[in-house]
Amino acid sequence: MLKRSRLFGQKTRVTFALPADRPEGVVSVVGDFNDWRPGHHELLRRRSGIRSVSIILPPGAHRFRYLATGGLWFDDESADLIDDHGSVVHL
């Protein structure tokens, strides 16, 4: 699930969130905004029963995927676009 919050100027805080237990193990969001580096933006467990990470992004299209323990890559069903190359959020 994606949540967008407009900030100062043209920046937007995007929160990437998943259930706390699915998939099992560590999950990070990996995309063009972090040079596709696994583990750089790891989703952390919250008291609300989800795990999430927030990233401040400039306007434009940003491509990303999730990477879970064991090399499981998957897309976000709430993304603006999903194609053969992953998920896209437009800001």
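Computed from a predicted model, the values in this text were never measured in an experiment.

About the cut-offs
- Residues numbered from 1 in each chain as written.
- Predicted model: local features only at pLDDT ≥ 70, side-chain atom pairs only at ≥ 80, totals over all residues.
- Heavy atoms only, no water.
- Phe/Tyr/Trp six-rings, centres within 6.5 Å; stacked < 30°, edge-to-face > 60°.
- Buried < 20%, exposed > 50% of the residue type's maximum accessible area, 1.4 Å probe, protein only.
- 1 Å grid on protein atoms, 1.4 Å probe; cavity = no way out; pocket = protein on both sides within 12 Å on 5 of 7 lines; lining within 4 Å.
- Points joined across faces, edges and corners; volume = space filled by probe spheres on them.
- Helix = DSSP H or I, 4+ residues; strand = E, 2+ residues; numbered from the N terminus.
- Salt bridge = Lys/Arg side-chain N within 4 Å of Asp/Glu carboxyl O.

**With respect to the packing of aromatic side chains**
Considering all chains together, one arrives at 5 aromatic pairs under this definition. For the pair Phe-64 and Tyr-66, a centre-to-centre distance of 5.9 Å together with 80 degrees between the ring planes defines the contact as edge-to-face. When sorted by exposure, Phe-64 lands in the same class as Tyr-66, which is buried. When the ring of Tyr-66 is compared with that of Phe-74, the centres are 5.2 Å apart and the planes differ by 25 degrees; the resulting orientation is stacked. Following the ring pairs from residue to residue traces out a cluster consisting of Phe-16, Phe-33, Phe-64, Tyr-66 and Phe-74.

**Some details on the layout of surface pockets**
In this structure, the largest pocket occupies an estimated 190 Å³ of space. Around the largest pocket, the lining residues are Met-1, Ala-17, Leu-18, Pro-19, Arg-22, Pro-23, Phe-74, Asp-75, Asp-76, Glu-77 and Ser-78. Top contributing element to the lining of the largest pocket by residue count: strand β2 (residues 12-19), with 3 residues.

**Some thoughts on the pattern of salt bridges**
Summed over the entire model, instances satisfying the criterion amount to 3 salt bridges. Residues Asp-80 and Arg-4 are paired through a salt bridge, measuring 2.7 Å at the closest nitrogen-oxygen approach. Placement of the pair is Asp-80 in the loop between β7 (72-74) and β8 (81-83) and Arg-4 in strand β1 (residues 2-6), with a sequence separation of 76 residues. Residue classification places Asp-80 among the partly exposed residues on the basis of a relative accessible area of 38%. The exposure class assigned to Arg-4 is partly exposed, which follows from its relative accessible area of 36%. One salt bridge in this structure joins Asp-75 and Arg-65, with 2.9 Å as the shortest N-O distance. Here the residue Asp-75 occupies a position in the loop between β7 and β8, and Arg-65 occupies one in strand β6 (residues 61-68), the gap between them amounting to 10 residues. The exposure class of Asp-75 is partly exposed, given its relative accessible area of 24%. For Arg-65, a relative accessible area of 23% puts it in the partly exposed group.

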